[in-house]
Amino acid sequence: MAYADQDTGHHAGPDKFIWKYVWSQDHKVIAVQYGCTAIAVGILALVLSWLMRMQIGFPGSLEFIDPSAYYQYVTMHGMIMVIYLLTAFFLGGFGNYLIPLMCGARDMVFPFLNMLSYWFYLLSVLILLASYFVPGGPTGAGWTLYPPQSILQGTPGTDWGIILMLASLAVFIIAFTMGGLNYITTVLQARCRGLTLMRMPLTIWSIITATVLGLLAFPALFVSAIMLMFDRVLGTSFFMPYIVHMGQALETGGGSPVLFQHLFWFFGHPEVYIVALPAFGLVSDILSTHARKNIFGYRMMVWAILAIGGISFIVWAHHMYVSGMNLYLGYFFATTTLIIAIPTAIKVYNWTLTLWHGNIHLNTPMLFSIGFISTFLIGGLTGLFLGNVAVDIPLSDTYFVVAHFHMVMAIAPIMVVFAAIYHWYPKITGRMYNETLGVIHFWVTFVGTYLIYFPMHYLGFEGMPRRYYAYEGYEFISESAHSLNEFISVVAILVGVLQILFIINMLMSLKTGKLAGANPWNATTLEWQTPQTPPAHGNWGDELPVVYRWAYDYSVPGADEDFIPQNQPGELGDGREVGDDTGHSSGEGAPA
Amino acid sequence: MALAIVLILMVIGSVIFHFWSPWWFTELASNWGAMDTTILITFWVTGFVFIAVNLFIAYCVIKFRHRPDRTAAYEPENSKLEAWLTGLTGLGVIAMLTPGLIVYTDFINVPDDAVIIEAVGQQWQWSYRYPGLDGALGKADNRNVTFDNPLGIDPDDPWGQDDIVVTGAAAHIELDQPIKFNLRSKDVLHDFYVSQFRAKMDVVPGLVSYFWMTPTRLGSFEVMCAELCGVGHYNMRSEVVVDSREDYQAWLSQQTTFAESQGKPAPVGNLIERGAQLAQQHGCIACHSLDGNRGVGPSWKGMYGRTEQLADGSTVTADDAYLRESITDPGAKLVEGYPPVMAAYPMGSDDLDALVAYFKTL
Ligand code: HEM
Ligand SMILES: [Cu+2]
Ligand SMILES: [Cu+2]
């Protein structure tokens, strides 16, 4: 389908509330539905982290936290944060909102499928939450769900919790697949005239690459979930060797627990990038806009995204250096893992070089974006420890790992979620958020998370293992480590509670925020050039936009203003370089 | 501006914290000092980048902060700079990867003179097996596991008869003697982990994994489990004692062989001591505390004679009959609030007497 086929008539949209806001097929409404649902479960996961921190910092102070409960918190917290919050938010939320707008399309190409995607996502969330109401409660197998432990007594939630978890993941993957096919088709088929691939904002490049990763990686999780379900329900032995469990011989045999880990991490590592890549893209565009400067090294950034996406499929076993797999594999996976650091480092350099000679507006989105660079930097650098097999051996499964992955795939992406929400809030709602509250929210979050996670690495150096309900009576763990844990817990709970500032800001500004206008940031990309703000159903009024230049014509010498929107013709900036105002010159991939 | 100051303070603070931090590697007790060295190399390379990038951002924030009269530069790319940065990063990666892989080569090549010791994990206890006088471990398989043969040693394999089995007690190893730990699991994943040894490895049912190390320091070291294995994971403790050659030989000669342990009558002695020993040997303490703290199972402190609230709503007094039943058939009456995870221990009447006698003293 090409741009010309897009139905210009249907942008009027439905009037009835229920069709407009509930059973909506408008990508913008679906995006908000995705976002709000993700935040709602995210709050649950946040509360669970407080409970864990209470137990770690002040063991025994809360009567109801017994070992089973603790492991259930760990598991639900991890799974919700990674899958149901971040994956859903970046792809279902930002992907949905921004792809059609940034591509100059009226909507996703399959709006009905898009709507179904959200409802399946909601269903998966409900199935997950249902595990709190079944006998035995949710599973406590850790978010990695490693068998045999995850399906044997001795782990909480082996009656129903694990079944619901696996079912919920399967439904989530179906939801993601419906959304993902849509995103890819839309980007490939529905870009407006002139928007060649190499003119696309990095947001689109990264979301689309993450979607491709998801479509290739989630099936591995899907099959492992189904196989594990069979092992649990039908008594098959895909992952079950001969086991003597609690003194009883089980009727299992011949399966391999390591096979599950390979399948899980074949999904699990790309999953890290499914979360990280969209964050990379969004932050690139936000940095560029608020530094009033083109993103540095755009082509290199695109290649880096693609390289990271590709290599991310051949590094998975760096999570398995001490899993008992063949030890010679360590050479291969250590090498690929350290190679992937190079494109990742290039991205970090290019973000900082975007600031260089910029004209930096330190508003809330920009603060969070810089906060992202700083936290991602730590997380990326500590990844070089864990990726290098000989270094990983002493550190694996310690708090060093907990600190590393929180920095790299929890805190850094969350920084971008906040940056992006603040940045696009005026477009989504038509009103500005409250800047003062936003800045306070940034300081609390940035400084707080630093205080939580920076010292935590050192607990890992000391050898404190992760996923421990209690550390009492271990002599090698110093007295002061327990005090540090108290400190971390206090800060964590404080930072968590103060996220209320964000919620208040979002809700209050809906009513009282200043009207934003169409393009409050003087940004170049298409979503800021819509005829109405918030954009109406169909986005573009009667005529689709035409793109004449790349997404980063900021501060072009000789231009009247410090930005030239993508849909503005002219010789200056990139418009001059391509020389063909429909962009057909670059050939490949351009809609014809 | 505040941002630049905070970034600079953060860098300074992190460096100070690093040097001041009381939290650092535990004192090394094995040959794997090289692992510490690779960590330190990685530390310096990455630490340099951490400082440089953060300070660079701080500099940009100060220097290029928005002013009404400022215009940003228009500089889409700079291939030369990008090539330089890529090259330097590549060098940094090589500087970390090379020593890493050299150490790793050491790690996967077990020296020929290494002595094999087997560590077996089960929920939530470690056991050990030593080759006896013949210097080789006999065949073992979970299929052979019985109550009296907890490690599943093949009863028909002559090599296994002299194997030494240690359950519920510390493993002893000899100073400066390379050891290859062979790891087996009876049930789920575990990970044999001693912080001071650095090396660790998962313990996987269905296969034998291994790692090797040479102890370099006398003393006693805590063994823990580093792979989530259920509710008792955090309390799956054991101990490795590094002995001098003489002490090690003395200890070894006191251990019973597999053949001796089969069908040998239970040693008689003080009933209470025997009970304590049984509790130790079967790993009961992983779940039942002696000091009243909450564990996976109810604490044994003051348990005898106390009234237990059961999951089905009824109550029961913890008398001899109840306690004996709870050991041989723990599923029969479950205490409210605890998961049904205890195995049945089909012990003989003498052993049960000993345990109950022991409970009374707690
Ligand atoms: C301030 C916010 C957060 C706090 C205080 C926090 C705290 C914790 C704690 C205490 C644990 C358990 C560590 C252990 O016992 O091993 C944990 C595990 C985990 N967290 Fe967070 N967390 C936060 C945010 C996040 C976010 C945003 C993510 C999203 C990726 C995340 C992902 C995970 C994962 C994947 C695990 C591992 C679960 C497992 O071991 O199975 N966390 N977190
Ligand atoms: Cu990975
Ligand atoms: Cu464990």
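Residues numbered from 1 in each chain as written. Chains lettered and ligands numbered in written order. Predicted model: local features only at pLDDT ≥ 70, side-chain atom pairs only at ≥ 80, totals over all residues. Heavy atoms only, no water.

Engineer: Looking at this structure, how should I read the overall build of chain A?
Structural biologist: The helix and strand inventory of chain A stands at 16 helices and two strands. The C-alpha atoms of chain A give 24 Å as radius of gyration, which agrees with the globular expectation for 592 residues (25 Å, within 12%). Seen through its C-alpha atoms, chain A measures out along the principal axes to roughly 75 × 50 × 50 Å. Going through the 592 residues of chain A one by one, you find that 68% of them count as buried. Put simply, of all contacts in chain A between residues at least 6 apart along the chain, 79% involve residues at least 24 apart. (Helix = DSSP H or I, 4+ residues; strand = E, 2+ residues; numbered from the N terminus. Rg over C-alpha atoms; globule rule 2.2 N^0.38 Å. Buried < 20%, exposed > 50% of the residue type's maximum accessible area, 1.4 Å probe, protein only. Contact = heavy atoms within 4.5 Å.)

Engineer: Any chance you could explain the site of ligand 1 here in plain terms?
Structural biologist: All names here are of chain A. Tyr70, His77, Trp143, His406 and Arg467 are the nearest of the 23 residues found near ligand 1. Measuring from a nitrogen atom of ligand 1, one finds a side-chain N or O atom of His77 at 2.8 Å. In this structure, an oxygen atom belonging to ligand 1 sits 2.8 Å away from a side-chain N or O atom of Arg466. Elements that contribute at least two residues to the shell around ligand 1 include exactly α2 (27-57), α3 (67-103) and α12 (399-429). Sorting elements by how many residues they give to the shell around ligand 1 places α3 first, with seven residues. (Near = heavy atom within 4 Å. Polar contact = N/O pair within 3.5 Å; in protein donor to acceptor, adjacent residues only side chain to side chain.)

Engineer: Before we go on, may I ask you to explain the coordination of the iron atom of ligand 1 in this structure?
Structural biologist: Ideal geometry at a metal centre gives angles of 109.5 degrees when four donors are arranged tetrahedrally and 90 or 180 degrees when six donors are arranged octahedrally. All names here are of chain A. Protein-derived coordination of the iron atom of ligand 1 comes from His77 (NE2) and His406 (NE2), at a distance range of 2.0 Å. For the iron atom of ligand 1, the six donor atoms in the first shell make angles of 88 to 180° at the metal, a pattern classed as octahedral. Taken together, the residues span a long stretch of sequence, with His77 in helix α3 and His406 in helix α12 at a distance of 329 residues. For the pair shown, His77 and His406 are each scored as buried. (Donors = N, O, S within 2.8 Å, 3.2 Å for Na, K, Ca; no water. Tetrahedral: all angles 85-135°; square planar, octahedral: opposite > 155°, others 65-115°.)

Engineer: Honestly, a nonpolar patch on the surface in this entry has me stumped. Any pointers?
Structural biologist: Residues and elements named next belong to chain B. On the surface, a nonpolar cluster with roughly 720 Å² of combined accessible area is contributed by Met1, Ile5, Leu9, Ile12, Ile16, Trp20 and Ile62. Ranked by the residues each element gives to the nonpolar patch, the list is headed by helix α1 (residues 2-20), at five residues. Inspection of the secondary structure puts Trp20 in helix α1. (Patch = residues over 30% accessible without salt bridge, like charges linked within 9 Å, V, L, I, M, F, W, Y side chains within 5 Å. Areas by Shrake-Rupley, 256 points an atom, 1.4 Å probe, with all protein chains shown as cover. Salt bridge = Lys/Arg side-chain N within 4 Å of Asp/Glu carboxyl O.)

Engineer: Got a minute to help me understand the packing of helix α7 (residues 257-290) of chain A against helix α10 (residues 364-387) of chain A in this structure?
Structural biologist: Describing two packed helices takes the angle between their axes plus the distance from one axis to the other. All names here are of chain A. Following both chains from N to C, one finds α7 and α10 inclined at 130°, their axes separated by 9 Å at the closest point. One way to sum up the angle between α7 and α10 is to call them oblique. Taken as a pair, α7 and α10 cross one another with a handedness that is left-handed. The residues of α10 that touch α7, namely those facing Ala279, Phe280, Val283, Ile286, Leu287 and His290, are Pro365, Met366, Ser369, Ile370, Phe372, Ile373 and Phe376. Of the residues that constitute the contact of α7 with α10, the class distribution is eleven nonpolar, two polar and no charged. (Axes fitted to C-alpha atoms, helices over the stretch in contact; angles between N-to-C directions. Parallel < 35°, antiparallel > 145°, perpendicular 65-115°, else oblique. Left-handed = near helix turned anticlockwise from the far one by under 90°. Nonpolar A, V, L, I, M, F, W, Y, C, P; charged D, E, K, R; others polar.)

Engineer: Help me out: how do you make sense of the UniProt feature "domain: Cytochrome oxidase subunit II copper A binding" (unreviewed entry) in chain B in this one?
Structural biologist: Per the UniProt annotation, the sites labelled "domain: Cytochrome oxidase subunit II copper A binding" (unreviewed entry) are residues 112-254 of chain B. What you have in residues 112-254 of chain B is 7% helix and 38% strand, and the ends, taken at the C-alpha atoms, are 27 Å apart. (UniProt positions renumbered as here; feature names shortened; annotations may be inferred.)

Engineer: Explanation requested: the side chain of Asn539(A) in the structure shown.
Structural biologist: Residue and element names in this part refer to chain A. With respect to the helices and strands, Asn539 occurs in the loop between α15 (500-512) and α16 (574-578). By relative accessible area, Asn539 is classed as buried at 0%. There is a polar contact of 3.0 Å between the side chain of Asn539 and the side chain of His27. Within polar-contact distance, the side chain of Asn539 engages the backbone oxygen of Arg106 at 3.2 Å. If we skip the residues at most four places from it in the chain, Asn539 touches His27, Lys28, Pro100, Leu101, Ala105, Arg106, Asp107, Thr530 and Pro531.

Engineer: Please clarify how the coordination of the copper ion (ligand 3) should be interpreted in this entry.
Structural biologist: All names here are of chain B. At the metal site, the copper ion (ligand 3) is ligated by Cys225 (SG), Glu227 (O), Cys229 (SG) and His233 (ND1), and these contacts range over 2.1 to 2.5 Å. Because the angles between the four donor atoms bound to the copper ion (ligand 3) fall within 89 to 127°, the donor set is best described as tetrahedral. Within one chain, the residues serving as donors to the copper ion (ligand 3) are arranged as C-x1-E-x1-C-x3-H. Taken individually, Glu227 and His233 each receive the classification buried, so the pair is uniform in this respect.

Engineer: What's the story with the packing of helix α9 (residues 329-355) of chain A against α10(A) in this structure? I'm lost.
Structural biologist: All names here are of chain A. One can describe the packing of α9 onto α10 by two numbers: an axis separation of 10 Å at closest approach and a directional angle of 160°. On the basis of their axis angle, the class for α9 and α10 is roughly antiparallel. Judged by the sense of rotation from one axis to the other, the crossing of α9 with α10 is left-handed. Of the residues in α10, those in contact with Ala334, Thr337, Leu338, Ala341, Thr344, Val348, Trp351, Thr352 and Leu355 of α9 are Met366, Ile370, Phe372, Ile373, Phe376, Leu377, Leu384 and Gly387. Looking at the contact of α9 with α10, its residues break down into 13 nonpolar, four polar and no charged.

Engineer: When you look at the UniProt feature "transmembrane region" (unreviewed entry) in chain B in this model, what are you seeing that I'm missing?
Structural biologist: All names here are of chain B. Cross-referencing UniProt, the feature "transmembrane region" (unreviewed entry) maps to residues 41-62 and 83-104 in the present numbering. Taken as a whole, residues 41-62 contains 100% helix and 0% strand, while its terminal C-alpha atoms sit 32 Å from one another. Note that residues 83-104 is 100% helix and 0% strand, and that its end C-alpha atoms are spaced 31 Å apart.

Engineer: Please clarify how the interface of chain B and chain A should be interpreted in this entry.
Structural biologist: For interface size, the figure often reported is the accessible area lost on association. If you look at the interface, chain B gives 108 residues, while chain A gives 118 residues. With both sides pooled, the region where chain B packs onto chain A buries about 9,700 Å², and carbon together with sulfur makes up 69% of that total. Connecting chain B to chain A are one salt bridge. The salt bridge partner of Arg299(A) is Glu77(B), with a shortest N-O separation of 2.3 Å. Where chain B packs against chain A, one counts 34 residue pairs in polar contact (both at pLDDT 80 or more). When residues of the side of chain B that touches chain A are traced back to their parent elements, those giving at least two are α1, α2 (33-63), α3 (79-108), β6 (190-193), β7 (200-203), β8 (209-213) and β9 (219-225) of chain B. The greatest single-element share of the side of chain B that touches chain A, amounting to 16 residues, is contributed by α3(B). When its residues are assigned to classes, the side of chain B that touches chain A shows 63 nonpolar, 28 polar and 17 charged. (Buried area = accessible area lost by both parts, 1.4 Å probe.)

Engineer: Please clarify how the pairing of strand β1 (residues 115-122) of chain B should be interpreted in this entry.
Structural biologist: Sheet faces and side chains relate simply in a regular strand, where the side chains alternate between the two faces. Residues and elements named next belong to chain B. Within β1, six of the eight residues are buried, which leaves it mostly tucked inside the rest of the structure. Relative to strand β5 (residues 179-185), β1 is paired through seven bridges, and the arrangement is parallel. Across the sheet, the residue bridging to Val115 is Ile179, located in β5. Where β1 meets strand β2 (residues 125-130), five bridges bridge the pair, whose relative direction is antiparallel. For Gln122, the partnering residue across the bridge sits in β2 and is Gln125. Linking β1 to β2, which pair antiparallel, is a turn of two residues. (Pairing = 2+ DSSP bridges.)

Engineer: How should I be thinking about the sheet that holds strand β10 (residues 238-243) of chain B in this particular structure?
Structural biologist: Two strands in a sheet stick together by hydrogen bonds in their backbones, pointing the same way (parallel) or opposite ways (antiparallel). All names here are of chain B. A sheet is described by the order of its strands in space; here five strands give the open sequence β4-β10-β9-β6-β7, paired in mixed fashion. Unpaired on one side and paired on the other, β4 (171-174) and β7 mark the two borders of the sheet. Mean inter-strand twist for the sheet, computed between neighbouring axes without regard to direction, equals 25°. In this sheet, β10 lies alongside β9 in antiparallel orientation, the contact comprising five bridges. Each residue of the ladder has a partner; that of Ser220, found in β10, is Val241. Each of β4 and β10 touches helix α4 (residues 245-254); the most contacted strand, β4, lies at about 140° to it.

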